[in-house]
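Structure assessment
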Amino acid sequence: MTAECRSAREMFDADVASQALGIELRELAPGRAVASMTVGETMVNGHGITHGGFVFALADTAFALACNGYGEPAVAARADIRFLAPTRLGDELVAEAVERERYGRNGIYDVTVRVRGRSVAEFRGDSRSLTRSR
């Protein structure tokens, strides 16, 4: 792991919310991250499908890891999600975050959430570096 990614890993290790949800970090590189989470019984809504907030939380965690992988603190300036297919209890969700553009103190990241290789949600997040001033 690069020195830059260490700060993102430390951020994740201190992320009590992600830990409580059982989110696991699978891959990490500057501008890229893969995280996963298994849908537990407290994550299912009244329709018997995963509550969208949990899908968003997983995607947001992968986004945070990707944009913090440069060793500079960054936060979300905006984020949205499109739900493509429902997921259910026991499904393993895998979120892959990829940097699309990084300019000045800003970045644009896309996150695809998949179950068994099938896309179930698309997330886009805009980041803002707290220190960089290119």
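Residues numbered from 1 in each chain as written. Predicted model: local features only at pLDDT ≥ 70, side-chain atom pairs only at ≥ 80, totals over all residues. Heavy atoms only, no water.

1. Some remarks on the overall build of the protein chain
What the protein chain contains, in helices and strands, is three helices and six strands. Reading the secondary structure of the protein chain in the N-to-C direction produces α-α-β-β-α-β-β-β-β. Over its C-alpha atoms the protein chain spans a radius of gyration of 14 Å, differing by no more than 12% from the 14 Å that the globule rule assigns to 134 residues. For the protein chain, the C-alpha atoms occupy an extent of roughly 45 × 25 × 20 Å along the three principal directions. (Helix = DSSP H or I, 4+ residues; strand = E, 2+ residues; numbered from the N terminus. Rg over C-alpha atoms; globule rule 2.2 N^0.38 Å.)

2. Quick word on the nonpolar core
If you look at the biggest cluster of nonpolar residues, it comprises 33 residues, and the most contacted ones within it are Leu58, Leu93, Val111 and Val113. Listing elements by their share of this core, those giving two or more residues are helix H1 (3-13), strand E1 (24-29), strand E2 (32-38), helix H3 (52-67), strand E3 (74-83), strand E4 (92-103), strand E5 (106-115) and strand E6 (118-129). A per-element tally of this core places H3 first, with eight residues. (Core = buried A, V, L, I, M, F, W, Y, C linked by side-chain atoms within 4.5 Å. Buried < 20%, exposed > 50% of the residue type's maximum accessible area, 1.4 Å probe, protein only.)

3. With respect to the UniProt feature "domain: Thioesterase" (unreviewed entry) in the protein chain
Within the UniProt annotation, "domain: Thioesterase" (unreviewed entry) is assigned to residues 47-115. The distance separating the terminal C-alpha atoms of residues 47-115 is 19 Å; by composition the span is 23% helix and 46% strand. (UniProt positions renumbered as here; feature names shortened; annotations may be inferred.)

4. Section: the sheet that holds E2
Pairing within the open sheet is antiparallel, and its six strands lie in the order E1-E2-E4-E5-E6-E3. Looking at which strands have only one partner, the edges of the open sheet turn out to be E1 and E3. Here the strands of the sheet are splayed against their neighbours by 20° on average, with no regard to which way each runs. (Pairing = 2+ DSSP bridges. Axes fitted to C-alpha atoms, helices over the stretch in contact; angles between N-to-C directions.)

5. So, the packing of aromatic side chains
Under the definition given, this model contains three aromatic pairs. Judged by centre distance (5.6 Å) and plane angle (50°), the ring pair of Phe63 and Phe123 falls under tilted. With Phe63 in helix H3 and Phe123 in strand E6, the pair connects residues that are 60 residues apart, well separated along the chain. These aromatic residues form a ring-pair network of at least three members: Phe56, Phe63, Tyr109 and Phe123. Positioned over the ring face of Tyr70 is Arg102, at 3.5 Å from the centre of the ring. (Phe/Tyr/Trp six-rings, centres within 6.5 Å; stacked < 30°, edge-to-face > 60°. Lys NZ or Arg CZ within 6 Å of the ring centre and 35° of its normal.)

6. Comments concerning H3
In this model, H3 (16 residues) spans 22 Å end to end at C-alpha, consistent with the 22 Å of a helix rising 1.5 Å per residue. Taken as a whole, H3 has its buried residues at Val55, Leu58, Ala59, Thr61, Ala62, Phe63, Leu65, Ala66 and Cys67. (Expected span 1.5 Å × (residues − 1).)

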